[in-house]
Amino acid sequence: MKRSRAQEVQPCEGGVAPLTPQQVAPMLKGLQGWALDGGMIAKTYHFKNYYETMAFVKRRGVDLASRGPPPGHARRLQPSAAFPT
């Protein structure tokens, strides 16, 4: 699924108070699978079997990789202890 730039999540600039559970609740009504969980908004996915799960993970990974790193984050490869340089 292609998304426009307007649909991308923009990082918060700071200084903005988080929404209260009372503010979030009406926004989540009608959104299947979404819930407020420990102060975070989370989506629950259900799959029939392992193969559906892995197909979803693969599609999601390809989608995220095509977008590049989030704004303000640089890709940095860290040396691994398992493979010393």
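As the structure is a prediction and not an experimental result, all values here were calculated from the model. (Residues numbered from 1 in each chain as written. Predicted model: local features only at pLDDT ≥ 70, side-chain atom pairs only at ≥ 80, totals over all residues. Heavy atoms only, no water.)

**Notes on the overall build of the protein**
Looking only at helices and strands, the protein features two helices and two strands. Per-residue burial over the protein gives 5% buried out of 85 residues. The long-range share in the protein, meaning contacts at least 24 apart out of those at least 6 apart in sequence, stands at 19%. (Helix = DSSP H or I, 4+ residues; strand = E, 2+ residues; numbered from the N terminus. Buried < 20%, exposed > 50% of the residue type's maximum accessible area, 1.4 Å probe, protein only. Contact = heavy atoms within 4.5 Å.)

**Brief notes about the environment of L31**
By the secondary structure assignment, L31 is in the loop between α1 (21-28) and β1 (34-37). What makes L31 partly exposed here is its relative accessible area of 43%. In sequence terms L31 and K43 are 12 residues apart; their C-alpha atoms lie 9.4 Å from each other.

**Description of the packing of aromatic side chains**
All told, the structure shown has four aromatic pairs when counted by the stated rule. Their ring planes at 45° and their centres at 5.2 Å tell us that F47 and F56 sit as a pair that is tilted. One aromatic cluster is present, formed by Y45, F47 and F56 through successive ring pairs. Taking the ring centre of Y45 as reference, the NZ or CZ of K43 above it sits at 5.2 Å. (Phe/Tyr/Trp six-rings, centres within 6.5 Å; stacked < 30°, edge-to-face > 60°. Lys NZ or Arg CZ within 6 Å of the ring centre and 35° of its normal.)

**Some remarks on the pairing of β1**
In the case of a regular strand, side chains alternate between the two sheet surfaces. Two elements, β1 and strand β2 (residues 40-43), share four bridges in a ladder whose sense is antiparallel. In the strand pairing of β2, D37 is matched with M40. Linking two consecutive strands that pair antiparallel, namely β1 and β2, is a turn of two residues; a positive phi of about 60° is found at G38 within it. (Pairing = 2+ DSSP bridges.)

**Section: the environment of A42**
Its location among the elements puts A42 in strand β2. Judged by its relative accessible area of 28%, A42 is partly exposed. Apart from residues no more than four positions distant in its own chain, A42 is found in contact with G33, W34, A35 and D37.

**A word on the pattern of salt bridges**
The final tally for this structure, using the stated rule, is two salt bridges. The closest approach of N and O atoms between R60 and D63, which form a salt bridge, is 2.9 Å. On the criterion of helical spacing, the pair formed by R60 and D63 is a turn pair, its members being three residues apart in helix α2 (residues 50-67). With a closest N to O distance of 3.1 Å, R67 and D63 form a salt bridge. In this pair, R67 and D63 are both assigned in helix α2, four residues apart and thus about one turn of the helix distant. Each of R60, D63 and R67 takes part in a single network of salt bridges with overlapping partners. (Salt bridge = Lys/Arg side-chain N within 4 Å of Asp/Glu carboxyl O.)

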